[in-house]
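# A structural walkthrough
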Amino acid sequence: MDEEIKYTQTYEIIKVSGNKGRVGISKEASDKLGDICLIDLPEIGRIFKKDEEVATIESIKAASDVYNPVDGKVTAINEKLKTKPELISNDPLGNGWIYEIEILDKAQLDLLMNYSAFLKFINQAG
Amino acid sequence: MLKTNLYERHISLGAKLIEFGGWLMPLHYTNGIISEHLNTRKSSGIFDVSHMGRFMVKGKDSVIFLQKVLTNNAEALQVGESQYTLVQNEKGCVKDDAYLYYFKQNEYLLVVNASNRLKDWQYFKEQSKDLSDVILYDATDDIDMVSLQGPKSKEILLSVLKKGTLPEPLRNKLSIIYIGEVEVLVGRTGYTGEPLCFELFVDKKCSLKVWDTLISAGALPVGLGARDTLRLEANMPLYGHELSESIPVFASHLAKFAVSFSELKGDFIGRKSLLKQFDTFKKIEKKDYSGLKNLPQKQVPFELLDKGVARQGDSIYINGNIIGHVTSGTAVPYWETEGQGISSIFKSSYLLRSICIGLVSSKIWERDIVEIEVRGSRIKAIAMPYFLRNEAPPYARAITAKSLLEKETTAESLENIPLNLEILIKEAISNNHWRQNECINLIPSEMTQSKIVKLLSVFDPSGRYAEHKKIKAFYDSEVFYYQGTEFIFKVETLLKKEMANYLGCRNIEPRVISGQMANAVVFGALVDYLNMDDKKTEPRRIKRVINHHIIKGGHLSAQPMGALKDYVSMDPVTEKPAVTEFPVMQHDPYALDLEKTKEIILQYLPELIIFGRSVILYKEPIKEIKEFIREQNINCLLMYDMAHVLGLSGRFFQEPFKDGADIVTGSTHKTFFGPQRGVIASDYIEPEPGYKFWEAIENRAFPGSVSNHHLGTLIGLLAAVYEMRYFKDSYQKQIINNAKAFAQALSENGLKVAGNPKLHFTQTHQVIIEVGFKNGPEIAVRLEENNIITNFQATAEEEGFTASGAIRMGVAEMTRFGMKEDDFKELAGLMSDLILNYVNIKEKIIAFRQRFLDMQYCFEDKSFEIFLNDLIDEIKK
């Protein structure tokens with residue numbers, strides 16, 4: 001199965017596998033946040049629209065929201081984060097995923113960026 | 001944007017930078033805020049704080065200027081001291097908070113917040129205009145400032161120190177040292193709550209070198225992120241959060257240390273409003289809410305009880321009503337611990353908790369539960385007394401809401417009581433057996449009494465009253481308030497006579513039931529005596545006392561925090577008790593520096609000098625001081641607290657009254673043979689003025705301190721004085737020989753023994769070994785596990801008893817059980833094996849003790865066995 005990682009303008013990532021996607025935050029986002037100390041996870045079964053607030057990450061410095069990258073239904077959450085929230089920044093592409101969704105509109109994936117486009121975007125944004 | 005001289009270092013250490021107060025500063029380095037916070041608590045963190053403003057204040061009007069623009073009492077500072085202070089406005093609110101350092105004569109250094117530097121500078125310039133001789137100089141760009149905080153900081157500084165000594169182990173003390181060739185001004189100050197804290201001031205040309213040296217010696221760099229979480233966990237305010245031009249000074253719990261209303265300050269900016277706040281503050285602390293308008297809100301630390309992180313600006317509610325808002329908040333890490341009490345250690349894992357400081361209604365009380373609105377939901381939080389405690393150096397330890405809430409205990413139900421009593425009896429027997437038959441007891445303040453002394457102490461009149469007072473109308477006869485007291489009166493009379501004979505003096509007051517009480521009685525009586533002829537005005541306290549400082553082995557009971565508290569004046573300049581410590585020799589802190597002592601006597605003209613200490617290796621130079629005050633015609637009372645050495649009074653150690661002591665106090669159960677009591681002695685004769693002081697002492701004893709003076713142990717004590725008088729020559733000589741032999745042998749076995757080797761380290765029963773900074777508690781516990789009972793002792797360089805680097809021992813009790821020089825040498829060998837090589841010696845110690853079970857220097861031979869049996873039979877009847 002093809003796996004691809006897509007990036008949002010709000011620094012989330014989605015690792016797509018079939019019609020499922022695992023959402024986390026990019027390394028670039030976690031660098032900005034610094035040490036993460038708490039995450040507020042979504043409920044399984046809930047449907048979120050694209051760009052809707054799904055979760056809140058608290059770092060020592062500040063709180064910041066996680067925005068849902070594409071319309072979808074939450075099918076799993078990463079329970080490990082309840083005791084080890086630092087995984088979000090230590091292993092963003094692996095054990096640091098936050099929740100899994102069933103993608104309801106795959107066409108929306110095309111609106112997201114690949115890594116090189118993302119890097120370009122953040123450099124432009126300064 | 002401004003950069004400090006260490007900027008390039010921060011870059012090479014991988015710092016992530018932020019703008020702060022106009023400066024580009026490290027927020028954190030590669031490992032992040034949590035790890036930097038934890039490193040500081042367990043090891044040692046180094047911070048570049050050169051962004052802070054540093055103003056030099058010179059000129060003869062400096063003090064006038066500082067007294068006017070700052071809240072604290074600048075005149076209280078001696079060279080070598082610093083103080084936390086505030087810059088206040090007319091309304092009594094905070095323009096800035098600052099630290100005032102006094103390193104060098106006539107030169108004050110004021111450290112202010114980076115963000116307020118310009119504002120402060122302009123304000124100070126304006127305020128100094130009318131003073132003819134104040135020179136203000138902004139030295140921020142000339143001097144750099146580095147902070148070194150955490151338990152390993154002292155070891156690190158000592159390892160790089162080339163010349164000079166660290167400041168005394170008390171907060172706010174200063175000194176000047178050299179790291180390499182670089183002069184470094186050091187203050188025991190900081191913004192982390194760490195008990196081992198140092199802030200260093202270095203010429204900008206040398207700061208890089210000092211920074212690099214400290215990093216190579218093991219200090220770990222910390223950025224502003226962890227600086228903020230550390231100060232929050234220490235419940236310390238930050239300008240712009242807890243402090244501002246509209247928040248009253250006394251909303252901060254630190255104000256009581258930072259604001260002075262000393263007469264020396266005269267009128268100063270905002271004084272009137274501050275005084276109002278202070279009055280309200282004192283009321284609020286006692287739950288009296290009148291006058292609340294002067295101080296409607298105060299800063300309170302909260303810990304969140306549910307998931308969530310409170311941030312600045314979040315609203316705080318109680319019962320649905322808003323009561324204030326969060327001024328600082330985040331999650332902070334703390335080390336998990338294992339073990340209890342002094343054995344508790346940091347594990348390698350940590351937890352996070354969410355804490356904040358709120359500016360809330362002054363009616364909020366410790367442990368109140370509030371709700372904080374965090375991102376739309378209300379989260380429960382508890383008002384904490386503190387987040388951190390640092391009184392057990394070298395570590396600062398987190399106090400969590402969970403541990404605070406777990407403390408409840410329930411009382412036992414009635415039906416368990418007989419069983420509990422049975423357990424108590426069995427445990428008492430087993431403890432007695434352990435201490436008396438299996439342990440080597442080396443605590444110098446303890447003694448086992450002979451069987452006769454023990455038994456007599458539980459006889460009738462224990463349980464009786466025998467209050468009595470000398471009545472002049474009956475030619476000084478003692479009149480008793482109760483009948484049936486003829487026997488105890490006889491005992492007390494004999495006791496006074498025998499004890500007077502033992503000490504070589506005329507007067508004995510035996511009714512005080514502890515050494516601490518004996519001292520309190522003397523201090524109280526001195527105040528009575530000083531005020532004897534003025535019955536109409538408030539009695540004045542003792543003007544000035546010279547004593548041994550507690551960190552240099554002084555008795556607790558001779559300290560302002562102990563029995564001296566209510567009897568010594570406050571020094572109006574320092575705003576501290578008017579107590580001056582004996583200077584000690586630099587190479588041997590257990591020895592008093594006689595020449596310097598004479599200087600301070602002339603400088604301070606004390607009314608009372610207290611000799612005697614609980615860490616005592618040498619004779620006290622009473623004779624020399626007595627001669628000196630006679631020559632100088634100084635009217636000063638010489639008191640010798642012989643607590644530890646009462647049983648050594650005599651020709652082998654020293655004879656207090658022959659040496660010139662005016663008053664002797666003591667405990668009867670350290671080197672002396674008695675049950676636990678106190679005693680006071682003097683040699684005054686009626687009608688000399690001193691006898692009036694003696695009568696004041698008798699009055700302070702009864703009715704001043706005791707009604708019932710514990711009659712059972714009074715009989716035991718008389719028997720003990722008989723024993724002491726009969727056996728003292730052989731006992732005292734043996735003790736001193738044993739102590740010297742023990743010290744010598746410990747030293748030969750590779751342990752570091754304190755004291756002068758030329759005197760075989762000691763002239764008393766005490767032997768001190770130095771085992772390295774903070775190792776004392778661990779070694780004392782290890783000794784205990786091997787049945788050797790000692791106590792750990794902080795030396796003059798250490799920050800507190802938990803950081804102790806010494807073990808204090810005494811040979812008195814084991815001498816009484818018959819140990820001689822060779823036996824102590826054998827013991828020294830075993831102990832060295834245990835301390836240096838971790839050899840388990842428990843079984844050997846139990847076997848060793850079997851040779852020393854029979855008490856000597858008492859009447860326990862065959863001829864007295866019959867009397868022992870009579871005593872036991874009488875009790876059993």
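Throughout what follows, the structure given in this document is the object of discussion.

Calculation criteria
- Here the residue index of a chain counts from 1 through its sequence in written order.
- Whichever chain is written first becomes A and whichever ligand is written first becomes 1, with later ones labelled in order.
- At least 70 in pLDDT is required for a residue's local features to be given in this predicted model, at least 80 for side-chain atom pairs to be given and counted, and no such filter applies to totals for whole chains, interfaces and linings, which use all residues.
- To get the side-chain values, take all heavy atoms of the structure and skip hydrogens and water.
- Definition of nonpolar core: a set of buried residues of the types Ala, Val, Leu, Ile, Met, Phe, Trp, Tyr and Cys, connected through side-chain atoms within 4.5 Å.
- Relative accessibility decides the category of a residue: with a 1.4 Å probe and only protein chains considered, values under 20% of the type maximum give buried, values over 50% give exposed, and everything between is partly exposed.
- Strands here mean DSSP runs of E at least two residues long; helices mean DSSP runs of H or I at least four residues long; both are numbered from the N terminus.
- Residues count as neighbours in contact if any of their non-hydrogen atoms are within 4.5 Å of one another.
- Ring pairs shown here join Phe, Tyr and Trp side chains whose ring centres sit within 6.5 Å, with only the six-membered ring taken for Trp; geometry is labelled stacked below 30 degrees between planes, edge-to-face above 60, and tilted in between.
- Note on criteria: charge over ring means Lys NZ or Arg CZ within 6 Å of the ring centre, with the direction from the centre no more than 35 degrees off the ring normal.
- At least two bridges found by DSSP between two strands are what make those strands a pair.
- Axis definition: a line fitted to C-alpha atoms, over the contacting stretch in the case of helices. Angles run 0 to 180 degrees between N-to-C directions.
- Here's the idea: put two parts together, see how much 1.4 Å probe accessible area each one loses, and the total over both is what we call buried area.
- Throughout this description, the term salt bridge denotes a Lys or Arg side-chain nitrogen within 4 Å of a carboxyl oxygen of Asp or Glu.
- Only Asp, Glu, Lys and Arg are considered charged in this grouping, and only Ala, Val, Leu, Ile, Met, Phe, Trp, Tyr, Cys and Pro are considered nonpolar; every other residue, Gly among them, is considered polar.

Let us now look at the nonpolar core. Leu442, Tyr640, Phe742 and Leu827 of chain B are the most contacted members of the largest nonpolar core, which has 98 residues in total. Looking at this core element by element, the count peaks at 18 residues for helix α19 (residues 711-748) of chain B. Once residues within four sequence positions are removed from consideration, Leu442 of chain B is found in contact with Phe742, Ile788, Ile789, Thr790, Arg808, Met809, Gly810, Met814, Phe824, Leu827 and Met831 of chain B. Counting residues in hydrophobic clusters, the runner-up holds 46 residues, among them Cys37 of chain A together with Ile34, Phe47 and Met56 of chain B.

All names here are of chain B. Within this structure, the stated rule accounts for 37 aromatic pairs over all chains. Measuring from centroid to centroid gives 6.4 Å for Phe261 and Phe268, while their planes differ by 35°, and the two rings are tilted. On the basis of an interplanar angle of 65° and a centroid distance of 4.9 Å, the ring pair of Phe480 and Phe489 is categorised as edge-to-face. Judged by its relative accessible area of 32%, Phe489 is partly exposed. Through successive ring pairs, a cluster of aromatic residues spans Phe55, Phe65, Trp121, Tyr123 and Phe124. One Lys or Arg, Lys42, reaches over the ring of Trp335 and ends 3.7 Å from the middle of that ring. For Arg816, the ring lying beneath its charged end belongs to Phe673, and the centroid distance is 3.6 Å.

Residues and elements named next belong to chain B. Read across the sheet, seven strands follow the order β10-β11-β12-β13-β9-β3-β14 without closing on themselves; strand pairing throughout is mixed. Strands at the two margins of the open sheet, each flanked by one partner only, are β10 (161-163) and β14 (220-221). Bridge count for strand β12 (residues 182-187) against strand β13 (residues 197-203) is four bridges, and the pairing is antiparallel. Bridge assignment links Gly187 to a residue of β13, and that residue is Glu199. Of the strands in this sheet, β9 (143-149), β10, β11 (174-179), β12 and β13 are in contact with helix α5 (residues 153-160), which crosses β10 at around 50°.

With 16 residues of chain A in contact, the opposing surface of chain B contributes 17 residues. The contact between chain A and chain B buries some 1300 Å² in all, and 53% of this surface belongs to carbon and sulfur atoms. Put simply, chain A and chain B have two salt bridges between them. Between Arg375 of chain B and Asp65 of chain A there is a salt bridge, and its shortest N-O distance comes to 2.4 Å. At the level of elements, α1 (27-33), β4 (36-40), β6 (53-59) and β7 (63-67) of chain A are the ones that each hand at least two residues to the side of chain A that touches chain B. Per-element accounting of the side of chain A that touches chain B gives the leading share, five residues, to β4 of chain A. Here the side of chain A that touches chain B is composed, by residue class, of seven nonpolar, two polar and seven charged.

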